[in-house]
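So you can see what is in the structure, the chains are spelled out below.
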There are 2 protein chains.
Amino acid sequence: MNSGSVLRVGVTCGDPHGIGPEVVLKALATRPAHRLSLRVYGPVEALRLWARQWGLPWPEGTDLEWVDIPWDAGHTQWGRPSAAAGRWVAQSWEAAARDLAAGEIHALVTAPIMKKSLEWAGHFLWDHTQFLAARFQTRTVMSMITPRLRVAFVTAHIPLRRVAEVLSSALVVETVRIAYRDLIRWFRIAEPRVAVCGLNPHAGEGGLMGDEEERVVRPAVRMLQSEGLAVEGPAPAETLFRQALEDRWDLVVALYHDQGMIPVKLLDFGQGVNLTMGLPFVRTSPDHGAAPDIAGQGVARPDGMRAALALALQILDAGRTPA
Amino acid sequence: MNSGSVLRVGVTCGDPHGIGPEVVLKALATRPAHRLSLRVYGPVEALRLWARQWGLPWPEGTDLEWVDIPWDAGHTQWGRPSAAAGRWVAQSWEAAARDLAAGEIHALVTAPIMKKSLEWAGHFLWDHTQFLAARFQTRTVMSMITPRLRVAFVTAHIPLRRVAEVLSSALVVETVRIAYRDLIRWFRIAEPRVAVCGLNPHAGEGGLMGDEEERVVRPAVRMLQSEGLAVEGPAPAETLFRQALEDRWDLVVALYHDQGMIPVKLLDFGQGVNLTMGLPFVRTSPDHGAAPDIAGQGVARPDGMRAALALALQILDAGRTPA
């Protein structure tokens, strides 16, 4: 990163019918001290109205600038996906993506969307990750960052019965390479220590309970080791996460969603941040959805959004300081 | 249980080539105060010799009686499975099973075995659970009990790729029924609150990522509810375990090994106790194996064995007190 220019973190507000705008307002109002700039892509007039309705302070500060994406607050249907909301979301993403591509912003923090809104607006199968991966032509890896754990996922949002068939040595290798680079780039860990979970009980117990450890995971680990990466495994997930808490690993690689998400949610409820690895910039988001059931009531907890913002600021800020 | 007679907890020493004898000695020497009797099925002379070698106190007390199963300490090959060791293990199990059947002992705490020893002694595919289930003609359920969590398993030691195919509504129903009865019997919970995990990410998210929740788990939960059981689910595992920590559930039902074992090991390392549900008596064991790599050195930690003994004593002791 260029330490001579202003580093800016972009923030999008997510679906205007969800809790996104609310948690953005709350997170901005209680943002941590930092030395960067923030650029928020949001419906400024609507946000002012809602802030008054919910009794929230308007976020002030010279570190803060707004890119107005107008939205008619009068037409908001809290909690309901809509094509109009989906179009608005796509507009805000486009504005942020243009600024990312132009080097105007250097990180992106995104509030939660509703997939249905994007679908109804004609953007099928779109979510933040797919949009950004396509826009910036990279392979991405989902990771969760908490105060005590870093977890990267080889597979994530697929049925459990498909995990074993989708899993391949190539996929494990690619996931770890991407995660490894980001541990160095974003977390400034010179030689990351990475451990890969097994798939089966007791990591297969020497082939007694499944062969994916020997057939798929171990060859991948060997290849990564031959590239000079400090990668170990496969080993039982329950052991690796425990060791990670004792700082034996900088990252645990989970093979499927629940394997990594159970420890994350169990240990750091509300403080887990989703970090998309593999992009040319930092992208974080809170560890929750648009919560349609409580949208518009002013009662949403901003912990996740605040943690996502804090992590992006922290990574970028560390990047301009000599290590 | 008959509060008029003496209640006795049996203890077996596991494979004589593993850490079993050592952790039994250590656990007995530091056993909690209790009002019951203990009957240990062990190689008394060999144990006396080893206690001296390892500098361990000999467990004394009027609550303690020994059933000697002779073993030639001179022929011990630490860490190595052997047919002789397997025959000795089977002998100790038989002695304990006879006493269980005769009502001489009312709970069994077992130290870890090596499966290879039993195999070489002609007992293929035997472990404690299979032996006891066959001997007492019952269906059993594996559960883990820790100070903060109770978890029962619908499937356990099978490859992950087989979980979805093995899973059935009937299996979920049977597992919960057995666990439910033992929560009442052993933990004296009048109306247990039980939650069943989903199989897929976000418990399938309404069918978006897998259909086992709707097709298999929900019908099982409905059937159990119609029987009057306070069972909920399916719900995402990461949510249920968090709620269990906040005392919302008396038991979480995991659908496969890692789903339940990750939270157990992460939260209560060394204090998790394996409780076999469904037997006519209490059976506990430590949450670790025979540790061949450190057997015979006197360095094994007895925490798991001590916790297993303490839980059996506690359950039995509570059983003789009016609730």
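Conventions used here
Residues numbered from 1 in each chain as written. Chains lettered and ligands numbered in written order. Predicted model: local features only at pLDDT ≥ 70, side-chain atom pairs only at ≥ 80, totals over all residues. Heavy atoms only, no water. Helix = DSSP H or I, 4+ residues; strand = E, 2+ residues; numbered from the N terminus. Rg over C-alpha atoms; globule rule 2.2 N^0.38 Å. Buried < 20%, exposed > 50% of the residue type's maximum accessible area, 1.4 Å probe, protein only. Contact = heavy atoms within 4.5 Å. Areas by Shrake-Rupley, 256 points an atom, 1.4 Å probe, with all protein chains shown as cover. Polar contact = N/O pair within 3.5 Å; in protein donor to acceptor, adjacent residues only side chain to side chain. Salt bridge = Lys/Arg side-chain N within 4 Å of Asp/Glu carboxyl O. Buried area = accessible area lost by both parts, 1.4 Å probe. Phe/Tyr/Trp six-rings, centres within 6.5 Å; stacked < 30°, edge-to-face > 60°. Lys NZ or Arg CZ within 6 Å of the ring centre and 35° of its normal. 1 Å grid on protein atoms, 1.4 Å probe; cavity = no way out; pocket = protein on both sides within 12 Å on 5 of 7 lines; lining within 4 Å. Points joined across faces, edges and corners; volume = space filled by probe spheres on them. Nonpolar A, V, L, I, M, F, W, Y, C, P; charged D, E, K, R; others polar. Least-squares fit on C-alpha atoms with pLDDT ≥ 70 in both. Pairing = 2+ DSSP bridges. Axes fitted to C-alpha atoms, helices over the stretch in contact; angles between N-to-C directions.

Caption draft 1: View of the overall build of chain A. When helices and strands are counted, chain A shows 11 helices and 11 strands. Computed over the C-alpha atoms, the radius of gyration of chain A is 20 Å, within 12% of the 20 Å expected from 2.2 N^0.38 for a compact globule of 323 residues. Projected onto its principal axes, the C-alpha positions of chain A cover 60 × 45 × 35 Å. Taking all 323 residues of chain A together, the buried fraction comes to 62%. In chain A, of all internal contacts separated by at least 6 residues, the share reaching a separation of at least 24 is 78%. Approximately 12800 Å² of chain A is accessible, and the part contributed by carbon and sulfur atoms is 51%.

Caption draft 2: Seen up close, the side chain of Ser143(B). Residues and elements named next belong to chain B. Note that Ser-143 resides in strand S5 (residues 141-145). A distance of 2.8 Å separates a polar side-chain atom of Ser-143 from the backbone oxygen of Leu-275. In contact with Ser-143, not counting residues within four places along its chain, are Val-151, Ala-152, Phe-153, Val-273, Asn-274, Leu-275 and Met-277.

Caption draft 3: Structural view of the environment of Gly289(B). Residues and elements named next belong to chain B. Structurally, Gly-289 can be placed in the loop between strand S11 (282-286) and helix H11 (303-320). Placed 88 residues apart in sequence, Gly-289 and Pro-201 show a C-alpha to C-alpha distance of 31 Å. For Gly-289, the residues in contact, after removing those within four places along its chain, are Ile-19 and Pro-112.

Caption draft 4: Summary view of the pattern of salt bridges. Inspection of the entire model under this criterion finds 44 salt bridges over all chains. Salt-bridge contacts for Arg301(A) lead to Asp303(A); the nearest nitrogen and oxygen are separated by 2.8 Å. Using a relative accessible area of 26% as the deciding quantity, one classes Asp303(A) as partly exposed. Between Lys265(B) and Asp287(B) there is a salt bridge, with the nearest N and O atoms lying 3.5 Å from each other. Linking Lys265(B) in helix H10 (residues 257-267) with Asp287(B) in the loop between S11 and H11, this pair joins segments that are 22 residues apart in sequence. Neither Lys265(B) nor Asp287(B) differs from the other in exposure class; each is buried.

Caption draft 5: Here's a closer look at the interface of chain A and chain B. Facing 31 residues of chain A, the contacting portion of chain B comprises 32 residues. Carbon and sulfur atoms supply 65% of the area that chain A and chain B bury against each other, a total of about 3000 Å² over both sides. Ranking the residues of chain A by area buried against chain B places Leu160(A), Glu238(A) and Leu266(A) at the top, with a combined share of 24%. Arg161(A) is paired through a salt bridge with Glu212(B); the nearest N and O atoms lie 2.8 Å apart. Counting across the chain A and chain B interface gives 12 residue pairs in polar contact (both at pLDDT 80 or more). For the side of chain A that touches chain B, the secondary structure elements donating two or more residues are helix H6 (160-166), helix H8 (212-226), helix H9 (237-245) and helix H10 (257-267) of chain A.

Caption draft 6: Representation of the packing of aromatic side chains within the structure. Residues and elements named next belong to chain A. Throughout the structure, instances matching the rule amount to 15 aromatic pairs over all chains. When the ring of Trp-54 is compared with that of Trp-78, the centres are 5.7 Å apart and the planes differ by 55 degrees; the resulting orientation is tilted. With Trp-54 in helix H2 (residues 44-54) and Trp-78 in the loop between strand S3 (64-68) and helix H3 (83-101), this residue pair connects regions lying 24 residues apart in the sequence. Ring-pair connections join several aromatic residues into one group, and the members of that group are Trp-50, Trp-54 and Trp-78. Above the ring of Trp-58, the side-chain terminus of Arg-48 is found at 4.3 Å from the ring centroid. Over the aromatic face of Phe-187 sits the side chain of Arg-150, whose NZ or CZ is 4.8 Å from the ring centroid.

Caption draft 7: Spotlight on empty space enclosed by the protein. As enumerated under the stated definition, the model contains 5 cavities of 30 Å³ or more in all. Roughly 40 Å³ of volume is contained in the largest cavity. Together, Ala156(A), Ile158(A), Pro159(A), Leu160(A), Val163(A), Tyr256(A), His257(A), Asp258(A), Leu199(B), Asn200(B), Pro201(B) and Tyr256(B) line the largest cavity. Where the lining of the largest cavity is concerned, the elements lending two or more residues are H6 and H10 of chain A. Residue classes in the lining of the largest cavity are distributed as 9 nonpolar, 2 polar and 1 charged.

Caption draft 8: Structural view of the relation of the copies chain A and chain B. Superposition of chain A onto chain B requires a rotation of 180 degrees combined with a translation of 0.0 Å along the rotation axis, giving an RMSD of 0.0 Å. Put plainly, the chains are arranged around a two-fold axis.

Caption draft 9: Representation of the sheet that holds strand S2 (residues 37-42) of chain A. Residue and element names in this part refer to chain A. Spatially, S3-S2-S1-S4-S11-S10-S5-S6-S9-S7-S8 is the arrangement adopted by the 11 strands of the open sheet, whose pairing is mixed. In this open sheet, the two strands that pair with only one neighbour each are S3 and strand S8 (231-235). Neighbour-to-neighbour, the strand axes of the sheet open up by a mean angle of 25 degrees, direction not taken into account. Strand contacts of H8: strand S7 (194-197) and S8, with the helix running at about 170 degrees to S8, the strand carrying the most contacts. Lying on the sheet, H9 is in contact with strand S6 (150-153), S7, S8 and strand S9 (251-254); it crosses S7 at an angle near 155 degrees.

Caption draft 10: Unusual backbone geometry, seen in detail. Note the cis peptide between Gly233(A) and Pro234(A), where omega equals -5 degrees. Its place among the elements puts Pro234(A) in strand S8. Backbone geometry at Gln137(B) places phi at a positive 50 degrees, although glycine is not the residue there. Tracing the sequence through the fold places Gln137(B) in the loop between helix H5 (128-135) and S5.

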